[in-house]
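Structural overview for review
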Amino acid sequence: TAFTCVFRCFPCDPSCGSASWAGPELTPRSAAPMVKMTRSKTFQAYLPSCHRTYSCIHCRAHLANHDELISKSFQGSQGRAYLFNSVVNVGCGPAEERVLLTGLHAVADIYCENCKTTLGWKYEHAFESSQKYKEGKYIIELAHMIKDNGWD
């Protein structure tokens, strides 16, 4: 079956001899990128393997593309943290007001959708005009992520 071919020779190649191969152009969801399937875990999103990425240290779910990194100069509750423009495979809790090192902010804790580990927070609102650039951005603590794909 096509499912067996995916597990046996993913990414499956039409030249592999399997009569059940169906390339992405033959699938009904051709607009979506092909997702690598695994037996142990299924993440909601996979970032392209040709880019440097950051992943959850606990379950290896992809979290962010290096191109989305804004700053490495942030402090989380457990040490250093990075500020990202966008993230994947992350859920968001309810927003609450917190006094952080740079003033009062409305933030929502973010967690890995796969293993439910709290990773950092999302800036929902900054009360000081100098901090407005953080709104809608994400903090992920280094203690919860690792570098993947192409870091030499």
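Right, let's walk through the structure included here. (Residues numbered from 1 in each chain as written. Predicted model: local features only at pLDDT ≥ 70, side-chain atom pairs only at ≥ 80, totals over all residues. Heavy atoms only, no water.)

Topic: the pairing of strand 7 (residues 118-126)
- Across 7 bridges, strand 6 (residues 103-112) lies against strand 7 in antiparallel orientation. Residue pairing across strands places His105 opposite Ala126, the latter belonging to strand 7.
- The hairpin turn running from strand 6 into strand 7, its antiparallel successor, is 5 residues long, and Lys116 in that turn takes a positive phi close to 70 degrees.
- Pairing of strand 7 with strand 8 (residues 138-141) involves 3 bridges; the strand directions are antiparallel. Bridge pairing links Trp121 to Ile139 in strand 8. (Pairing = 2+ DSSP bridges. Helix = DSSP H or I, 4+ residues; strand = E, 2+ residues; numbered from the N terminus.)

Thoughts on the packing of aromatic side chains
- Applying the stated criterion across every chain yields a total of 4 aromatic pairs.
- Seen from their ring centres, Tyr54 and Phe84 are 5.3 Å apart, and the 70 degrees between their planes marks the pair as edge-to-face. One end of the pair, Tyr54, is in strand 1 (residues 53-56); the other, Phe84, is in strand 4 (residues 79-84), and 30 residues separate them in sequence. In this pair, the class of Tyr54 matches that of Phe84, namely buried.
- Through a chain of ring-to-ring contacts, three or more aromatic side chains come together here, namely Tyr54, Tyr82 and Phe84. (Phe/Tyr/Trp six-rings, centres within 6.5 Å; stacked < 30°, edge-to-face > 60°. Buried < 20%, exposed > 50% of the residue type's maximum accessible area, 1.4 Å probe, protein only.)

Concerning the environment of Gln75
- In this structure, Gln75 sits in strand 3 (residues 69-76).
- Here Gln75 is in contact with Arg80, Ala81, Leu101 and Trp121, once residues within four sequence places are set aside. (Contact = heavy atoms within 4.5 Å.)

Details of the sheet that holds strand 4
- If you trace the 6 strands from one edge of the open sheet to the other, you get 3-4-8-7-6-5, paired in antiparallel fashion. Because the sheet does not close on itself, it has two edges, and the strands there are strand 3 and strand 5 (90-100). If you compare each strand with its neighbour and ignore which way they point, the axes differ by 30 degrees on average.
- Inspection of the sheet shows strand 3 paired to strand 4 by 5 bridges, in the antiparallel sense. Bridge pairing in strand 4 places Gln75 opposite Arg80. (Axes fitted to C-alpha atoms, helices over the stretch in contact; angles between N-to-C directions.)

Examining unusual backbone geometry
- If you check the backbone angles, Arg60 has positive phi at about 70 degrees while not being a glycine.
- Exposure remark for Arg60: the relative accessible area of 45% places this residue in the partly exposed category.
- The phi dihedral of Lys116 is positive, around 70 degrees, even though this residue is not glycine.
- Secondary-structure assignment places Lys116 in the loop between strand 6 and strand 7.
- Relative accessible area serves as the criterion here: at 51%, Lys116 is assigned to the exposed category.

Digging into the pairing of strand 2 (residues 62-65)
- Here 3 bridges tie strand 1 to strand 2, and the two strands are oriented antiparallel to one another. Its bridge partner lying in strand 2, Ser55 is registered against His62.
- Hairpin remark: strand 1 followed by strand 2, antiparallel, with 5 residues in the connecting loop; positive phi at Arg60, about 70 degrees.

Interpretation in functional terms is not warranted from these geometric data alone.
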